[in-house]
Amino acid sequence: VYTITIFLSAFLLFVVQPMFARMIVPLLGGSPSVWNTAMLFYQATLLAGYAYAHFGTKWLGLRRQIVCHIVLLVLVFVALPLGVPHGWSPPTESNPVYWLLALMCLSIGLPFFVLSSTSPLIQKWFASTGHRSASDPYFLYAASNAGSLLALGAYPFLIEPLVGLERQSRIWSIGYAALAALIGACAWLLWRSLNDSKPGSSAPIGEVKKPAAPIGWRRKARWVALAFVPSSLMLSLTTYLSSEVASVPLLWVFPLTLYLLTFTLVFARRRFISHAFLLRLFPIGVVALTQLLTMRATNPFFLLAVVHLGMFFVAAMVCHGEIANDRPEAENLTEFYLWMSIGGVLGGVFNALVAPLAFNSIAEYPLVLIAACFLVVKTVSGEQNRYRRWLDAFLPVGLAALTLALIHLVPRLAGVTSQMAHALIFAPPVVACFFLSERRIRFGAGIACIFAASGFYAGETGKVLFSDRSFYGVHRVTIDEEGKFYLLIHGTTVHGMQHVERESNGPPMPLSYSHPRGPAGEFFARFYDRIDGPVAAIGMGAGALASYGKPGQKWTFYEIDPVVADLAENSEYFDFLEKSLADVEVKLGDGRLSLGRESDGQFELIIIDAFSSDVIPVHLLTREALALYMRKLQSGGAILFHISNRHFDLKPILADLALEAGLVCLYRDGTYVEKTVLDEGKDPSEWIVIARSDADVAPIARNASWNRYREPSGGPIWTDDLSSLLDVLFP
């Protein structure tokens with residue numbers, strides 16, 4: 001019963017994490033920082049649960065703590081079913097981290113706290129019984145992580161695609177009721193064991209023969225450091241993956257799954273992977289990942305994701321393996337988990353609170369990787385003389401000098417493509433660094449020096465002129481190698497482009513996805529005479545679409561990220577907004593929420609051009625979202641969707657929504673672009689137009705390149721309650 005209780009508790013604990021993240025995505029647009037902030041809350045609450053389990057047993061004793069815990073179990077029912085309270089809206093001009101933490105405390109704080117305390121508390125109860133395995137209850141920790149793994153595997157592939165959020169919450173409440181009953185059974189078994197113990201016995205159940213030796217601070221600090229590194233690496237990798245593809249729980253789950261799997265493996269009664277083998281494999285993984293990060297490789301994504309996830313798994317296995325090898329006796333079990341949890345929380349604090357303020361890039365990823373090198377790489381025994389110490393200092397500096405020299409020389413070699421240049425620049429120093437892996441100082445410092453030198457490499461996107469980081473991601477303004485274009489880049493995706501040499505008269509020429517010779521240009525050319533009224537645009541990038549504005553027309557851009565708004569209004573780089581012929585207004589906040597506050601029937605055209613790195617946030621593509629757009633649209637108006645994407649085919653989703661609502665849907669594939677046009681600043685793009693009738697889209701329908709959808713795809717209709725990107729993965 002103890003094993004089943006811990007397993008179910010962990011399952012519920014790790015189902016609620018992606019479930020509640022899905023609930024708050026419509027409020028914050030699906031930024032990877034949403035998940036990192038949520039993970040900080042989960043880790044902090046986990047720490048509070050572990051502290052309660054440790055100090056509650058220590059101060060109250062077993063009997064009184066049983067009573068206290070039963071009371072807490074009953075109180076949780078007041079907070080069920082789980083959901084986002086009505087009336088909560090995020091701040092529009094300040095960082096929403098603390099707002100999100102407050103929301104989570106109010107919504108799921110008590111249930112998550114009680115669940116967090118279950119594993120260490122039940123293990124402590126079990127260790128206080130007369131069971132033959134009571135002296136080493138750590139195998140129950142493996143059962144806890146097995147339940148967590150099952151939850152995280154089931155959520156994206158079974159629960160999210162098949163069960164709506166409201167129903168998920170109700171089923172979760174039923175599961176919690178079953179857990180409360182199981183914990184009650186465990187409490188009854190322990191209480192009976194305590195009653196059965198004999199007062200005169202030399203080893204009464206629930207008591208300790210002899211106090212264990214106190215744990216030294218150095219040992220505790222090592223536990224904290226070893227727990228910090230995997231926690232921070234997990235969140236860093238989450239940010240990296242989400243920036244490369246999409247900020248959705250589907251991707252957030254994988255690093256967390258591997259993180260929990262490592263706990264399961266290292267605390268299992270039998271080790272399936274040799275710790276010594278992983279220690280030998282770790283430096284190989286570090287140099288491979290260093291090569292990819294310094295090259296800024298992004299394709300092929302799925303192959304690279306395997307490498308990143310594989311390296312994270314090795315690093316977490318090594319760190320958690322070191323912790324498991326140093327675990328104390330059962331008497332100190334709750335204190336051991338408490339210090340491990342402190343390390344996890346510090347990793348969350350560093351990634352969610354410190355890194356976005358301290359860095360203007362995802363610098364925490366290589367920094368924590370370097371920290372792991374200093375922490376777990378073993379130094380081969382040998383005499384520590386002055387000669388070796390000098391080499392520890394100068395060899396890493398030599399690697400930095402080599403990297404800088406190659407950055408300067410390789411791009412000047414004739415016939416070297418950009419892809420070849422990446423490999424030729426960073427492969428020699430990275431391979432050389434591997435041969436330093438027998439000494440932790442040289443190896444860690446060598447990796448650090450290579451990363452530091454790589455900052456001087458411009459890469460494919462050109463020289464960085466400006467970089468800033470907000471809650472919603474990292475934004476850079478670069479100038480291409482030929483000095484022709486300014487580019488606005490979020491993650492690895494270009495979100496705007498403008499000629500360095502500005503037009504002397506009139507609005508600047510829109511480029512990239514908004515190019516006049518692309519689908520967007522075709523749309524405005526054919527509708528130019530028909531659209532005179534107000535225009536709403538969710539998402540703005542560099543503001544290129546404003547160049548299509550007309551005198552006397554009102555354009556309103558809704559932008560969730562203040563950094564993007566500031567860059568679009570910075571005429572040093574982009575002056576689309578400044579030189580637009582229309583009257584342009586920028587409103588900060590989530591586009592869907594902001595648009596919902598406008599008057600019905602106000603806009604003649606609504607443009608959906610919002611992206612989180614490479615994909616439109618899911619909550620802008622649901623049945624409820626389309627119904628909102630139609631309410632705000634004037635009679636005879638149209639909705640223009642930009643759906644370009646590298647990994648997801650979104651047109652069936654919008655086509656099905658339009659067909660269900662009896663609307664007209666036209667699609668334009670502009671993904672083929674000749675190289676000469678690419679050189680002029682045009683990028684491949686896909687667009688969809690939705691309107692109420694054929695007459696409303698007649699001008700664009702006469703263009704043979706715009707195809708009408710008439711047949712449903714057969715897939716599920718996306719709603720706020722039920723949607724899954726698995727439906728549209730791989731276009």
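The rules behind the values
Residues numbered from 1 in each chain as written. Predicted model: local features only at pLDDT ≥ 70, side-chain atom pairs only at ≥ 80, totals over all residues. Heavy atoms only, no water. Pairing = 2+ DSSP bridges. Helix = DSSP H or I, 4+ residues; strand = E, 2+ residues; numbered from the N terminus. Axes fitted to C-alpha atoms, helices over the stretch in contact; angles between N-to-C directions. Contact = heavy atoms within 4.5 Å. Buried < 20%, exposed > 50% of the residue type's maximum accessible area, 1.4 Å probe, protein only. Disulfide = S-S within 2.5 Å. Expected span 1.5 Å × (residues − 1). Phe/Tyr/Trp six-rings, centres within 6.5 Å; stacked < 30°, edge-to-face > 60°. Lys NZ or Arg CZ within 6 Å of the ring centre and 35° of its normal. Lys, Arg positive; Asp, Glu negative; His and termini not counted. Salt bridge = Lys/Arg side-chain N within 4 Å of Asp/Glu carboxyl O. Core = buried A, V, L, I, M, F, W, Y, C linked by side-chain atoms within 4.5 Å.

*Asks:* Give me the lowdown on the sheet that holds strand β8 (residues 603-608), citing residues and values where you can.
*Replies:* Strand order in this open sheet of 8 strands is β7-β6-β5-β8-β9-β11-β10-β12, and the pairing throughout is mixed. Unpaired on one side and paired on the other, β7 (583-588) and β12 (706-708) mark the two borders of the sheet. Taking the axes of each pair of neighbouring strands and ignoring which way they run, one obtains an average angle of 20 degrees across the sheet. Pairing of strand β6 (residues 554-559) with β7, which is carried by 6 bridges, proceeds in the parallel orientation. Each residue of the ladder has a partner; that of T556, found in β7, is E585. Against the sheet, helix α15 (residues 519-527) makes contact with β6, β8, β9 (633-642), β10 (664-670), β11 (685-691) and β12, and its axis sits at roughly 35 degrees relative to β11, the strand it touches most. Taken strand by strand, helix α19 (residues 623-632) contacts β5 (535-538), β8, β9 and β11, and its axis lies near 140 degrees from that of β9.

*Asks:* Which residues make up the pairing of β8, and what are the values?
*Replies:* With respect to burial, β8 is a largely interior element, 6 of its 6 residues being buried. Inspection of the sheet shows β5 paired to β8 by 4 bridges, in the parallel sense. Paired with A537 across the strands is I607, a residue of β8. Sheet topology places β8 next to β9; 5 bridges connect them, and they run parallel. Residue pairing for β9: I608 is matched across the bridge by F641.

*Asks:* Could you give me a rundown of the state of the cysteines, with the residues and numbers involved?
*Replies:* Inspection of every chain in the model, using the stated rule, returns 0 disulfides. Here C373 stays free of any disulfide, with the sulfur of C433 as its closest cysteine sulfur at 7.8 Å. The exposure class of C373 is buried, given its relative accessible area of 0%.

*Asks:* Outline helix α9 (residues 301-325), listing residues and values.
*Replies:* Each α-helix winds once per 3.6 residues, and so residues spaced three or four apart point in a common direction. Its 25 residues place the ends of α9 35 Å apart at the C-alpha level, agreeing with the 36 Å of an ideal helix rising 1.5 Å per residue. Extensive coverage of α9 is indicated by the burial of 19 of its 25 residues.

*Asks:* Talk me through the packing of aromatic side chains; I want residue IDs and the actual numbers.
*Replies:* Applying the stated rule across the entire model yields 23 aromatic pairs. With a centroid separation of 5.5 Å and 55 degrees between ring planes, the pair formed by Y52 and F113 is classed as tilted. One end of the pair, Y52, is in helix α2 (residues 32-75); the other, F113, is in helix α3 (residues 97-127), and 61 residues separate them in sequence. Classification of Y52 as buried rests on a relative accessible area of 13%. The interplanar angle of 10 degrees and the centroid separation of 6.1 Å between the aromatic rings of W172 and Y176 together place this pair among those described as stacked. Pair noted here: W172 and Y176 are both in helix α5 (residues 165-196), with a separation of 4 residues, about one helical turn. The pair formed by W172 and Y176 is uniform in burial state, with each residue classed as buried. The rings of F523, F524, F527, Y548, W555 and F557 are connected pair by pair, giving a single aromatic cluster. The ring of W191 has R63 sitting right over it, with the charged end atom 5.2 Å from the ring centre.

*Asks:* Go over the sheet that holds strand β2 (residues 473-479), please, and point to the residues and values.
*Replies:* With respect to topology, 4 strands assemble into an open sheet ordered β1-β2-β3-β4, the strand pairing being antiparallel. Of all the strands in the sheet, the pair left with one neighbour each is β1 (463-470) and β4 (493-499). Between one strand axis and the next, the sheet turns through 15 degrees on average, direction left out of account. Pairing analysis gives 7 bridges linking β1 to β2, with the strands arranged antiparallel. The partner of S467 across the bridge, within β2, is R476.

*Asks:* So what about the environment of A400? Which residues, and what values?
*Replies:* Within the secondary structure, A400 sits in helix α12 (residues 386-409). For A400, a relative accessible area of 15% gives the class buried. Between the C-alpha atom of A400 and that of I450, which follows or precedes it by 50 residues, the distance is 5.3 Å. Setting aside its immediate chain neighbours within four residues, A400 contacts C449 and A453.

*Asks:* Now, about the side chain of D696: what can you tell me, with residues and values included?
*Replies:* Within the element layout of this structure, D696 appears in the loop between β11 and α22 (698-701). With no salt bridge to any partner, buried D696 finds its closest opposite charge in R530, at an N-O distance of 4.6 Å.

*Asks:* Mind laying out the nonpolar core, listing which residues take part and the relevant values?
*Replies:* Counting residues in each nonpolar core, the largest one holds 131 residues, and the members touching the most others are Y42, L100, W125, W172, Y176, L256 and F282. Those residues in contact with Y176, other than ones at most four positions away along the chain, are L12, L72, L73, V76, F77, L80, V114 and L115. In terms of nonpolar packing, the next biggest core, distinct from the first, is built from 34 residues, I608, A610, L650 and A655 among them.

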